[in-house]
Amino acid sequence: MTPDQASGLRMMNQPNNEKVKVIAVSGGKGGVGKTSVSINTAVALAEKGKRVLVLDADLGLANVDVMLGLRAERNLSHVLSGDAELDDVILRGPKGIGIIPATSGTQAMVELTQAQHAGLIRAFSEMRTQFDILIVDTAAGISDMVLSFSRASQDVLIVVCDEPTSITDAYALIKILSREHGVFRFKIVANMVRSLREGMELFAKLSKVTDRFLDVALELVATVPFDENLRKSVRKQKLIVEAFPKSPAAIAYQGLANKIMSWPVPSQPGGHLEFFVERLVQRPDYQEDKSGE
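Below you will find a few notes about this structure.

About the thresholds
Residues numbered from 1 in each chain as written. Predicted model: local features only at pLDDT ≥ 70, side-chain atom pairs only at ≥ 80, totals over all residues. Heavy atoms only, no water. Pairing = 2+ DSSP bridges. Helix = DSSP H or I, 4+ residues; strand = E, 2+ residues; numbered from the N terminus. 1 Å grid on protein atoms, 1.4 Å probe; cavity = no way out; pocket = protein on both sides within 12 Å on 5 of 7 lines; lining within 4 Å. Points joined across faces, edges and corners; volume = space filled by probe spheres on them. Buried < 20%, exposed > 50% of the residue type's maximum accessible area, 1.4 Å probe, protein only. Salt bridge = Lys/Arg side-chain N within 4 Å of Asp/Glu carboxyl O.

The pairing of strand β7 (residues 185-193) with strand β8 (residues 217-225) spans eight bridges and is parallel. Paired with Phe 186 across the two strands is Leu 218, which belongs to β8.

Turning our attention to empty space enclosed by the protein. A full pass over the atoms with the stated rule returns one cavity of 30 Å³ or more. By volume, the largest cavity amounts to about 30 Å³. Lining the largest cavity, in full, are Ile 23, Val 25, Val 37, Ser 38, Thr 41, Ile 135, Leu 157 and Ile 260. Those elements giving two or more residues to the lining of the largest cavity turn out to be β1 (21-26) and α2 (34-47).

In this structure, Arg 151 sits in helix α7 (residues 144-152). You can call Arg 151 buried: its relative accessible area is 4%.

Attention shifts here to the pattern of salt bridges. Overall, the coordinates contain nine salt bridges when judged by the stated rule. Across the salt bridge formed by Asp 132 and Arg 51, the nearest N and O atoms sit 2.8 Å from each other. Taken together, the residues span a long stretch of sequence, with Asp 132 in the loop between α6 (114-125) and β5 (133-138) and Arg 51 in the loop between α2 and β2 (52-57) at a distance of 81 residues. Note that Glu 198 and Arg 194 form a salt bridge whose closest N and O atoms lie 2.7 Å from each other. Judged by relative accessible area, which is 10%, Glu 198 ranks as buried.

For Lys 95, which is not glycine, the phi dihedral falls at a positive 60°. When you line up the elements, Lys 95 lands in the loop between β3 (91-92) and β4 (98-100). A residue is classified by how much of its surface remains accessible, and Lys 95, at 53% relative accessible area, is exposed. With a phi angle near 55°, Met 192 is a residue other than glycine that sits in the positive phi range. Here Met 192 lies in strand β7. A relative accessible area of 33% means that Met 192 is categorised as partly exposed.

Structure representation (structure tokens):
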């Protein structure tokens, strides 16, 4: 670790650094509604009084700010280049949620130089903006970037829908995170289902294959129904939790927010951000054993 990195971590251990819950939202494949889950849940949490920051960690195809109808003048690439601080690039979305926008064409975090690693740690350690929950909206797939953000987070939400490729890709992501990165607990969101029963059956399909081949624990934390109001909210350029708060999907997001609020906060002194950033820039120790299914 460089002196700059060590300095950054020490700053993050100061007493005024509040404990932060860090949640990665991933999906294995595109088109499962991962970003919609991230930002609707973020707004639902904000409505309950939580200070929420959403990090758009899709460094290849950023879209959180676009979905919210926001225009980012500066983004994470300006932070990594030293041209801006994290506080300078935060956009304000519905209900006051903060968004750190990414940009297309940025290198994956695991490909950053040591200087950029140190800069990233400093950026998080020097943040003046206070928040309770950091939601990391990862890219689709199983790239090094997705794996890095997922293994660094306190909780990993996997979004699946009732498509064979969604189940297959979610399994692949869980397999790699458990066997090569030491992540063994996953929270599952069944998205765009026609009923609670379908959501439970979808979870059962995924659980059946993971129980057979992997040593992991899955928990179904939400079933989000397919909702015609989603399209209506898009036309209004609003999120469904704002435009139609009593609709089935919005109620599901509110229920997920309630569950997240009940999850334990980090116990270590100084909060969780130093843990998140330190793990983010470290290489995993689990890559040696690649045997098995």
